[in-house]
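Read off the chains here:
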Amino acid sequence: MAITIGSRDRRAGARADRAAERARRRAGTQVRTLVSPMRLRSTRGRITYWVVFALTLAGFTAAFLFPIYWMVTGAFKSPDEMLQSPPTYVPKEWHADNYAEAWRRMDLARYLRNTALQAGGAWLFQIVLCTAAAYALSKLKPVFGQIVLGAILATLMVPASALLVPRYLTAVDVPFVGTNLLNTPWAIWLPSVANAFNLYLLKRFFDQLPDDVLEAASIDGAGPLRTLWSIVLPMSRPVLGVVSIFAVVAVWQDFLWPLLVFPDTDKQPISVALVQLSASLPLTYLIGAMVIASIPMVAVFLVFQRHIIAGISAGGVKE
């Protein structure tokens, strides 16, 4: 009797699903998925779905994490084991002193300090100048503001390699000043300010800020700078966080431009120094230095990953 009632319930449920599907088709709102809701109701369908989902997730996780695992464990191997074929996926002997030797022999403290100085200055200049420019274009509505914005966005269409020679000539002899910026952090700081993407991201966020709040501040006697400092910036923490991350990461991982403007080895960032010193040191020391150099950026991402998503979504186009 129970089996009969259960079969009747299943048939009734199937008829209801088919009726709902026909109703959706008639209404023009048919939902198409890889696995139908009816199939997911069965035990076999749910097991198949979760098995495929788990395998797909495991495959993508392995594809992304295996290179990191290979780099971290490679620094623990001996030079001979690192070069042997076929390779070993787990070190036979763990040489933990490779990281200490890489830190000492490659003088990583100096190059990390150089990189932090260059990235910190680039971040500060971008936050101050890009925020001011985006606020002016978004809320102050200057004359020919749209033309200026269009010219700024047009620079995104120019390949970065095409700008190397003009930027280098400008850094060698700054117009109207006649100063040579080579081997100085200014060669990194000043070009990084001209970041059209970050400026546009900030402007799109400022466009979505309610004008009523800014008008209320203006009625209370706040000028443009006071409104920017007291009203706009506290409301813009998500987008400021993502712009900060983009600014720091761009300088930290850049290689070609620092190689051109820092001929002095002692003033180079770590991305250039690793290549310059790799020829005279064992491969395991180089891999250990690469792991150490990547730790700050991984830590920054793990701490601020929530701000990345929030800032991009906040600065997106609002429908």
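Provided above is the structure to which this section pertains.
What counts as what
- Residues numbered from 1 in each chain as written.
- Predicted model: local features only at pLDDT ≥ 70, side-chain atom pairs only at ≥ 80, totals over all residues.
- Heavy atoms only, no water.
- Helix = DSSP H or I, 4+ residues; strand = E, 2+ residues; numbered from the N terminus.
- Buried < 20%, exposed > 50% of the residue type's maximum accessible area, 1.4 Å probe, protein only.
- Contact = heavy atoms within 4.5 Å.
- Areas by Shrake-Rupley, 256 points an atom, 1.4 Å probe, with all protein chains shown as cover.
- Axes fitted to C-alpha atoms, helices over the stretch in contact; angles between N-to-C directions.
- Parallel < 35°, antiparallel > 145°, perpendicular 65-115°, else oblique.
- Left-handed = near helix turned anticlockwise from the far one by under 90°.
- Nonpolar A, V, L, I, M, F, W, Y, C, P; charged D, E, K, R; others polar.
- Patch = residues over 30% accessible without salt bridge, like charges linked within 9 Å, V, L, I, M, F, W, Y side chains within 5 Å.
- Salt bridge = Lys/Arg side-chain N within 4 Å of Asp/Glu carboxyl O.
- Phe/Tyr/Trp six-rings, centres within 6.5 Å; stacked < 30°, edge-to-face > 60°.
- Lys NZ or Arg CZ within 6 Å of the ring centre and 35° of its normal.
- Expected span 1.5 Å × (residues − 1).
- 1 Å grid on protein atoms, 1.4 Å probe; cavity = no way out; pocket = protein on both sides within 12 Å on 5 of 7 lines; lining within 4 Å.
- Points joined across faces, edges and corners; volume = space filled by probe spheres on them.

S.K.: Explain the overall build of the protein to me, please; I cannot follow it from the model alone.
M.R.: Along the protein, the regular secondary structure elements total 16 helices and 0 strands. Expressed as a percentage of the 319 residues in the protein, the buried residues total 32%. Across the protein, every contact between residues at least 6 apart in sequence was considered, and the portion connecting residues at least 24 apart equals 70%. Carbon and sulfur atoms provide 67% of the accessible area of the protein, an area that totals close to 20200 Å².

S.K.: I tried to follow the packing of helix α11 (residues 211–219) against helix α12 (residues 224–235) on my own but got confused; where do I start?
M.R.: For any two helices packed against each other, one specifies the crossing angle of their axes together with the interaxial distance. It is at 11 Å that the axes of α11 and α12 come closest, and there the two elements cross at 140°. The angle between α11 and α12 falls in the class oblique. The hand of the α11/α12 crossing is right-handed. Facing Val213, Leu214 and Ala217 of α11, the residues of α12 in contact are Thr227, Ile231 and Val232. Here the residues of the contact of α11 with α12 are counted per class, giving 5 nonpolar, 1 polar and no charged.

S.K.: How do you make sense of a nonpolar patch on the surface when you look at a structure like this?
M.R.: Together, Phe60, Phe64, Leu65, Ile68 and Val72 give the surface a local cluster of nonpolar side chains, amounting to about 510 Å² of exposed area. Among the secondary structure elements, Phe64 is positioned in helix α3 (residues 43–74). Assessed through its relative accessible area of 61%, Phe64 is described here as exposed.

S.K.: Any chance you could explain the packing of helix α10 (residues 196–207) against helix α13 (residues 237–253) here in plain terms?
M.R.: With their axes 10 Å apart at the nearest point, α10 and α13 run at an angle of 175° to one another. Here α10 is positioned roughly antiparallel relative to α13, judged by the angle of their axes. Taken together, the residues of α13 that come into contact with α10 (itself represented by Phe197, Asn198, Leu201, Leu202 and Phe205) are Val239, Leu240, Val242, Val243, Phe246 and Ala247. Each residue belonging to the contact of α10 with α13 can be placed in one class, and the counts come to 10 nonpolar, 1 polar and no charged.

S.K.: Please clarify how the packing of aromatic side chains should be interpreted in this entry.
M.R.: Here the distance between the centres and the angle between the planes together describe a pair of aromatic rings. A complete count under the given rule lists 13 aromatic pairs for this structure. When the centroid spacing of 6.0 Å and the interplanar angle of 65° are considered together, the rings of Trp70 and Tyr89 count as edge-to-face. With Trp70 in helix α3 and Tyr89 in the loop between α4 (79–83) and α5 (97–105), the pair connects residues that are 19 residues apart, well separated along the chain. Through a chain of ring-to-ring contacts, three or more aromatic side chains come together here, namely Phe66, Tyr69, Trp70 and Tyr89. Of note, Lys77 hangs over the ring of Trp70, and the distance from its end group to the ring centre comes to 4.3 Å.

S.K.: I would appreciate a short explanation of unusual backbone geometry in the present structure.
M.R.: Glycine aside, the phi torsion of most residues is negative, and most peptide linkages are trans. In this structure, Pro86 follows Ser85 across a cis peptide bond, with omega equal to 0°. Here the phi dihedral of Phe176 falls at roughly 70°; this positive angle occurs in a residue that is not glycine. With respect to the helices, strands and loops of the structure, Phe176 is situated in the loop between α8 (164–172) and α9 (186–193).

S.K.: What exactly am I supposed to notice about α13 here?
M.R.: At 3.6 residues per turn, the α-helix brings residues three or four places apart onto the same side. Compared with the 24 Å implied by 1.5 Å per residue over 17 residues, the 24 Å span of α13 between its first and last C-alpha is a close match. Those residues of α13 that sit buried are Val239, Leu240, Gly241, Val242, Val243, Ser244, Ile245, Ala247, Val248, Val251 and Trp252.

S.K.: Would you mind showing me how to read the layout of surface pockets here?
M.R.: One water molecule sets the probe size; rolling that probe over the atoms shows where empty space is left. Computed from the structure, the largest pocket encloses a volume of approximately 1100 Å³. Taken together, 37 residues form the lining of the largest pocket, with Arg167, Pro191, Ser192, Ala194 and Asn195 sitting closest to its centre. Mapped by element, the contributors of at least two residues to the lining of the largest pocket are α6 (108–140), α8, α9, α10, α13 and α14 (256–261). Among the elements that make up the lining of the largest pocket, the one with the highest residue count is α9 (7 residues). Residues that form the lining of the largest pocket fall into these classes: 28 nonpolar, 7 polar and 2 charged.

In short, geometric facts, not functional conclusions.
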